[in-house]
Amino acid sequence: MTLSVEQQAKQAADEFRRNHRLGVQPLGDLVAFIEQTTGYDVAILDAEPDEHGLAMCDPVRGAVFVGVARSRNPMRQRSTLAHELGHLVFEGWNDEAEFEKRSPDEIRADAFARHLLIPIEGVKEFLGDRESASEADLAAVVQRYLVSPAIAAIAMRDAGYINQSTAQDWMRYRTPQIATRYGWSDHYAALQDDSDRLRAPQSLVARAVEGYAEGIVSAQVIATLRGVSVDAVLEDLEEAGVVPVQHEATDLSLEDFPDVDVDLSDLEDEGASP
């Protein structure tokens, strides 16, 4: 039997969580999560307003890079990260422009992101045995799983707590509205600050810090990678006890160098007179 796009996405998301022993609990920092579970390089970048994310794979070297735009919308950024991970899980690459209709690969990646971020079984475990859910429950689910009200409403519908009509109504809400109404606007502001920061791939920064400790990489290189000032980098390194190795200079005289026999015959002009 051929599985639908939705079924494929749920199956893959469930398998990903199972393979990495994630259970049905909320996922924390998605950048670190993807880097640690897959080994892919992930970065938060400056991008145009209509550019959200991309994933690139070098089949020759086996290197994979995921980049998403910095944003004041942390829930959308998390969905974008999970969406790009979905493309990589399915090895689905769609280079065709999308205009009136989204491709099946894009729809599947969206569904994968939803099931990965907020498993239906996790919602059931969180809300427990009840016949229906309130708007306050929606706010609690949004805050717990750090997803948009639209994604939370779909999951709560699929878990049997609300009907389709209520889900459609709740899908119109925006996260700032929910956060303000239910007292966690400060938490949301902190999430916004975090999602609006540039981040270089962790492995790349780690290698740069190692190079700094060996005295072969400057603090400016690390500052450029992280998108912060040199002073901030130096302060961080000093607090972490990372100090460049001081290589002792060695005095050498001409006698210390080996004799070199240089053949200059090829430079002679064959037509010149002796």
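Above this text is the structure in question.
None of the values given here were measured: they were computed from a predicted structure. (Residues numbered from 1 in each chain as written. Predicted model: local features only at pLDDT ≥ 70, side-chain atom pairs only at ≥ 80, totals over all residues. Heavy atoms only, no water.)

The next point concerns the overall build of the chain. Helix and strand counts for the chain stand at 13 helices and three strands. Within the chain, the fraction of its 274 residues that count as buried is 35%. Relative to all contacts within the chain whose residues are 6 or more apart in sequence, the contacts with residues 24 or more apart total 62%. Only carbon and sulfur atoms are counted for the fraction: they give 49% of the accessible area of the chain, which is about 17000 Å². (Helix = DSSP H or I, 4+ residues; strand = E, 2+ residues; numbered from the N terminus. Buried < 20%, exposed > 50% of the residue type's maximum accessible area, 1.4 Å probe, protein only. Contact = heavy atoms within 4.5 Å. Areas by Shrake-Rupley, 256 points an atom, 1.4 Å probe, with all protein chains shown as cover.)

Now for the packing of aromatic side chains. Following the criterion strictly, the structure yields three aromatic pairs and no others. With a centroid separation of 6.0 Å and an interplanar angle of 65°, the aromatic rings of Phe16 and Phe33 are classed as edge-to-face. A residue pair is termed long-range when its members are at least 10 positions apart, and Phe16 in helix α1 (residues 5–19) and Phe33 in helix α2 (residues 30–38) qualify at 17 residues. A relative accessible area of 10% means that Phe16 is categorised as buried. Exposure remark for Phe33: the relative accessible area of 9% places this residue in the buried category. Cation over ring: Arg108 sits above Phe90, and NZ or CZ is 4.0 Å from the ring centre. (Phe/Tyr/Trp six-rings, centres within 6.5 Å; stacked < 30°, edge-to-face > 60°. Lys NZ or Arg CZ within 6 Å of the ring centre and 35° of its normal.)

Looking now at the nonpolar core. Grouped together as the largest cluster of nonpolar side chains are 53 residues, with contacts concentrated most on Phe33, Leu81, Leu116, Ile118, Val123, Met156 and Trp184. Those residues in contact with Ile118, other than ones at most four positions away along the chain, are Val123, Val141, Tyr145, Val147, Ile151, Ala152 and Ala155. Tyr212, Ala223, Val233 and Val242 belong to the second largest nonpolar core, which has eight residues in total. (Core = buried A, V, L, I, M, F, W, Y, C linked by side-chain atoms within 4.5 Å.)

Attention shifts here to the environment of His187. Locating His187 in the fold gives a position in helix α10 (residues 185–195). Overall, His187 belongs to the partly exposed group, its relative accessible area being 32%. Between the alpha carbons of His187 and Gln143 there is a distance of 8.7 Å; along the sequence they are 44 residues apart. Those residues in contact with His187 that sit more than four places away from it in its chain are Gln143 and Leu146. A distance of 3.1 Å separates the side chain of His187 from the side chain of Gln143, its partner in a polar contact. (Polar contact = N/O pair within 3.5 Å; in protein donor to acceptor, adjacent residues only side chain to side chain.)

Further remarks concern the pattern of salt bridges. In total, this model carries 14 salt bridges according to the counting rule given. The salt bridge partner of Asp236 is Arg226, with a shortest N-O separation of 3.1 Å. With a gap of ten residues between them, Asp236 in helix α13 (residues 230–239) and Arg226 in helix α12 (residues 219–226) connect regions that are remote in the sequence. Residue Asp236 is classed as partly exposed on the basis of its relative accessible area of 34%. Taking relative accessible area as the criterion, Arg226 reaches 27% and is therefore assigned partly exposed. Taken together, the shared-partner salt bridges in this structure form one network comprising Asp46, Arg70, Arg72, Asp193 and Asp196. (Salt bridge = Lys/Arg side-chain N within 4 Å of Asp/Glu carboxyl O.)

Here His87 shows up in helix α3 (residues 74–90). Taking relative accessible area as the criterion, His87 reaches 8% and is therefore assigned buried. A distance of 3.1 Å separates a polar atom in the side chain of His87 from a polar atom in the side chain of His83.

A cluster of like negative charges, contributed by Asp231, Glu235, Glu238 and Glu239, occupies part of the molecular surface. Relative to the elements of secondary structure, Glu235 occurs in helix α13. What makes Glu235 partly exposed here is its relative accessible area of 47%. (Patch = residues over 30% accessible without salt bridge, like charges linked within 9 Å, V, L, I, M, F, W, Y side chains within 5 Å. Lys, Arg positive; Asp, Glu negative; His and termini not counted. Charge placed at Lys NZ, Arg CZ, Asp CG, Glu CD.)

Once that is clear, we can look at unusual backbone geometry. At Arg21, a position not held by glycine, the phi torsion is positive, near 55°. In this fold, Arg21 is placed in the loop between α1 and α2. A relative accessible area of 80% places Arg21 in the exposed class. With a phi close to 55°, Leu146 is a non-glycine residue in the positive phi region. Counting through the fold element by element, Leu146 comes out in the loop between α6 (135–145) and α7 (149–158).

Bringing α10 into the picture now. Restricting attention to buried positions, one finds in α10 the residues Tyr188, Leu191, Gln192 and Ser195. The arc enclosing the buried residues of α10, seen along the axis, measures out at 100°, which places them on a common side. (Arc of directions from axis to C-beta.)

The next point concerns the packing of helix α5 (residues 120–127) against α6. Close contact between α5 and α6 brings their axes to 11 Å; oriented N to C, the two are set at 125°. Between α5 and α6, the interaxial angle falls into the category oblique. Here the hand of the crossing between α5 and α6 comes out right-handed. When α5 is examined against α6, the residues Gly122, Val123, Phe126 and Leu127 are found in contact with a partner set consisting of Asp137, Ala140, Val141, Arg144 and Tyr145. For the contact of α5 with α6, a count of residues per class yields six nonpolar, one polar and two charged. (Axes fitted to C-alpha atoms, helices over the stretch in contact; angles between N-to-C directions. Parallel < 35°, antiparallel > 145°, perpendicular 65-115°, else oblique. Left-handed = near helix turned anticlockwise from the far one by under 90°. Nonpolar A, V, L, I, M, F, W, Y, C, P; charged D, E, K, R; others polar.)

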